[in-house]
Amino acid sequence: MSSYLHRRAATYLLVLAVALSLNFLLPRAIPGNPLEDLSSGLGNLPIQLDCETLEALQSYYGLDRPLLEQFRSYLRGVAIGDLGYSISYRAPVSHLLMDRFPWTLLLTLGSLFLSFSVAVLLGSRSARKPKGEWKVLLPAVLFESVPPFVLGSLLLILLGVKFPLFPLSGAYSGFSESTGLGTVLDVAHHAALPMLVLSTSSFFPAYLVVKSSVLMVKDEPYVLMAEIKGLPEKTIRYRYVLRTALLPVVTFLGLRLAYSAGGAILVEVLFAYPGVGRLIYEAVLSHDYALLQGAFLAFTLWVVLINFVTDCLYASLDPRVKEV
Amino acid sequence: MHTWKHMTVSLWQQSAGRFGLCGILVLTGLALTSLIWSPYPPADISGPALAPPDFRHPLGTNGLGQDILSQVLSGCRISLLVAVTVSLGSVSMGFLVGSAAGYHPRRLGVVLMRSVDVLMAIPRLPLIILLAVFLRPHLFNIIAVLIFLSWPGVARTIRSQVLSLREQDSIRFVRFSGGGFPYVLRQHLIRELFPLLLAKSAMAASYAIVAEAGLSFLGLGDPTLKSWGLMIRGALDYPGLLWSSAWTWWLLPPSVMVSLAVFSFTLTGYGLDEALRREESD
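The rules behind each value
- For every chain, the first residue of the written sequence is number 1, and numbering continues from 1 onward in sequence order.
- A letter from A marks each chain and a number from 1 marks each ligand, given out in the order of writing.
- In keeping with the model being predicted, local features are shown solely for residues with a pLDDT of at least 70 and side-chain atom pairs are shown and tallied solely at 80 or more, while totals for entire chains, interfaces and linings include all residues.
- The way it works is that DSSP assigns letters per residue, a run of H or I at least four long becomes a helix, a run of E at least two long becomes a strand, and they are numbered from the N terminus.
- Three exposure classes are used, based on other C-beta atoms lying within 10 Å of a residue's own C-beta, which is placed from the backbone: buried for 20 or more, exposed for 12 or fewer, and partly exposed in between.
- Any two residues are considered in contact once their C-beta atoms, placed from the backbone, lie within 7 Å.
- Two things to know: the radius of gyration comes from C-alpha atoms, and the globule rule equals 2.2 Å times the number of residues to the power 0.38.
- Angles here are taken between N-to-C directions and fall from 0 to 180 degrees, while the axes themselves are lines fitted to C-alpha atoms, restricted in helices to the stretch in contact.
- Angles below 35 degrees are treated as roughly parallel, those above 145 as roughly antiparallel, those between 65 and 115 as roughly perpendicular, and all remaining angles as oblique.
- What makes a crossing left-handed is the near helix being turned counterclockwise from the far one by less than a right angle; a clockwise turn instead makes it right-handed.
- Side-chain classes are defined by residue name, with Ala, Val, Leu, Ile, Met, Phe, Trp, Tyr, Cys and Pro counting as nonpolar, Asp, Glu, Lys and Arg as charged, and the others, Gly among them, as polar.
- Residue-level confidence of the predictor is summarised by pLDDT, bounded by 0 at the bottom and 100 at the top.
- Multiply 1.5 Å by the residue count of a helix minus one, and that product is the helix's expected span.
- Any nonpolar core is a set of buried residues, restricted to Ala, Val, Leu, Ile, Met, Phe, Trp, Tyr and Cys, that join up through C-beta atoms within 7 Å.

### Some details on the overall build of chain B
A count of helices and strands for chain B gives 11 helices and 0 strands. Reading the helices (α) and strands (β) of chain B from amino to carboxyl end gives α-α-α-α-α-α-α-α-α-α-α. If you line up chain B on its principal axes, its C-alpha atoms span 75 × 45 × 30 Å. The buried share of chain B, reckoned over its 282 residues, is 48%. Within chain B, contacts between residues at least 6 apart in sequence are counted, and of these 71% link residues at least 24 apart.

This is how it looks when you write it as structure tokens:
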């Protein structure tokens, strides 16, 4: 492993350390404690606890131990995949995250596939013919300006209520008896609107990356050579220019893959899509801090993982990086 | 040397910049209007619930009978306040840290940039939500969180610029004549980087508007202030609203305003970027 990758790995370890410390320290830094919350009751019937019971509970949950020791036991738990117990779902947080993560992944991958394929098509075309570019630029900037949850709510009304082409919420129909292809179509039908909304936010940056990358490659001597040889235009366009130009695009795709999972939270909430983003929102509503922290950790872990894989891929594709 | 006048003129010369500036002016006008005049106090019940637009309520009323126009105006004030404070805060902090890191690239720079890397690698929205849950839902806290998460990006750009600026002859001359970092910062860096800082401010402002609206939409904003995000949340939470026609005057105005605000700041940002690029190629 090169020194470049070593440095990146160190940064990511630091990121994880910061996320873990935030998770541990934030709830302890604010006034109040879980037992006070229990006896004041948030929406539940308050329980009056006497001092002895309070102390017994405190030592049972380890809240009377020194902070450092608590941190150590928290880390030990995280290391073996124990992220605590969700009080609202009455289930281990790690199981809940595992259940919900595939849905977020489906939305993210689908929306990125959509936006990047359109971006590659339009971006390379704009690089070739810069004249009519405003026809792409204007709607792209317009759509990028509408925050995804606003665009989503308008589409929901338009395509979900006025012209009921798409379902309003959820990821699949309840009580449906379809199997095989029917299920796949049903899931795709539910995912279509949220995917579309998410893809509008990543289209424009992707388009810019594709365009500048193609512009850089387009006038390279080897492309000129291919033109002089009289190769068909399509061969030059796809096999010579686009293939080389896609390297920075792939790196950018990795970056978007890492971060758009977190960015999907608002859209998942709007469409009641059962992903991790919706889970984090439910955790906020029900004051389920273990779940909230678990979801935050999951998002961070995902970012770190994808970033590191992208770094490794990039370093192996472009050896110059290693020397930086 | 860049000046305000110079930047405004080159911004005005392109359609993107002109439209963006006009949008910002309109928004500022609306926000200032709301300071001195508003049809009704935005939180007061001033008519029947879900009344369609008429003479007394130009944009109708919401599910509680509060006047929509008054809420849109006060939301404009809140969004602009967030936009201006977050962009000022994050750009000045990013500028300070970035130039310090670029000016002292060896030890200080390495430490500063490592913390920038770490802050930028943490997924933003989940972190904002986590912080917003544990801090009190006050507008001041939301602004602080947004500044805290926005400055690293600015710092990274500024650092790379300062790294090359410090090797320019004029600045090397100042350095070897005994001008310290504060002097170079005040006299040279800020003037050289001024247009870039403006472009970054516009981008930070549009991000801040989206983020604040999103937080209010999730119910993590300041519940005492009628912001656009809170209006959208209220409309979508209202039972059966989607099937009535009330969404056209309750949901649509804040949606259009948020988008318009983001659009104006984004266009201004692109305009400034473009002006910068033209200047460099001249």
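There is more to say after this.
### Points about the overall build of chain A
The secondary structure content of chain A amounts to 13 helices and 2 strands. Against the 2.2 N^0.38 benchmark of 20 Å for 324 residues, chain A shows a C-alpha radius of gyration of 25 Å, more extended than a compact globule. In chain A, which comprises 324 residues, the share counted as buried stands at 35%. Once local pairs closer than 6 in sequence are excluded, the contacts in chain A between residues at least 24 apart make up 72%.

### A closer look at the packing of helix α8 (residues 181-217) of chain B against helix α11 (residues 252-281) of chain B
Residues and elements named next belong to chain B. Axis separation between α8 and α11 bottoms out at 8 Å; the angle between their running directions is 160°. For the element pair α8 / α11, the angle class is roughly antiparallel. Of the two elements, α8 crosses α11, and the hand of that crossing is left-handed. Across from P195, L196, L198, A199, A202, M203, A205, S206, I209, V210 and A213 in α8, the residues of α11 making contact are V258, A261, V262, F265, T266, T268, G269, L272, D273, A275 and L276. Its residues assigned to classes, the contact of α8 with α11 shows 17 nonpolar, 4 polar and 1 charged.

### With respect to the interface of chain B and chain A
Listed by partner, the interface residues are 32 residues for chain B and 39 residues for chain A. Looking at the side of chain B that touches chain A, the elements that each hand over two or more residues are α4 (107-121), α5 (124-134), α8, α9 (228-237) and α11 of chain B. In terms of residue class, the side of chain B that touches chain A is made up of 25 nonpolar, 4 polar and 3 charged.

### Considerations on the environment of G229 of chain B
Residues and elements named next belong to chain B. Its location among the elements puts G229 in helix α9. Overall, the presence of 29 C-beta atoms within 10 Å leaves G229 in the buried class. Along the backbone, G229 and P253 are 24 residues apart, and their C-alpha atoms lie at a distance of 11 Å. Residues contacting G229, with those up to four places away along its chain left out, are E212, A213, G214, L215, S216, F217 and G221.

### A look at the confidence of the model for chain B
In the predicted model, chain B carries a mean pLDDT of 90, and 99% of its residues have values of at least 70. Here the predicted complex scores 0.90 on pTM and 0.89 on ipTM.

### Here we look at helix α3 (residues 68-103) of chain B
For α3 of chain B, built from 36 residues, the straight-helix expectation of 52 Å at 1.5 Å per residue is met to within 8% by its first-to-last C-alpha distance of 51 Å. Within α3 of chain B, 27 of the 36 residues are buried, leaving the element largely enclosed by the surrounding structure.

### A closer look at the confidence of the model for chain A
When pLDDT is averaged along chain A, the result is 86; 93% of the residues meet or exceed 70. Of all secondary-structure elements in chain A, the lowest mean pLDDT belongs to helix α2 (residues 34-40) of chain A, at 65, while helix α11 (residues 265-270) of chain A reaches the highest, 94.

### Description of unusual backbone geometry
Residue and element names in this part refer to chain A. In this model, R90 sits at a positive phi of 50°, which is unusual for a non-glycine residue. With respect to the secondary-structure elements, R90 resides in the loop between β1 (85-86) and β2 (91-92). A residue is classified by how many C-beta atoms lie within 10 Å of it, and R90, with 7 of them, is exposed. Positive phi, normally seen in glycine, also occurs at A272, with a value near 50°. You can see A272 is positioned in the loop between α11 and α12 (276-285). The exposure class of A272 is partly exposed, given the 14 C-beta atoms found within 10 Å.

### Here's the deal with the nonpolar core
I280, L292 and A295 of chain A together with I128, I129, A208 and I209 of chain B are the most contacted members of the largest nonpolar core, which has 154 residues in total. The element best represented in this core is α8 of chain B, accounting for 17 residues.

### Quick look at helix α1 (residues 3-29) of chain A
Taking 1.5 Å of rise per residue, 27 residues should cover 39 Å, and α1 of chain A covers 37 Å from first to last C-alpha, within 8% of that figure. For α1 of chain A, the full list of buried residues reads R8, T11, Y12, V15, A19, L22 and N23 of chain A. Its buried side turned inward, α1 of chain A meets α13 (289-317) of chain A together with α4 and α5 of chain B.

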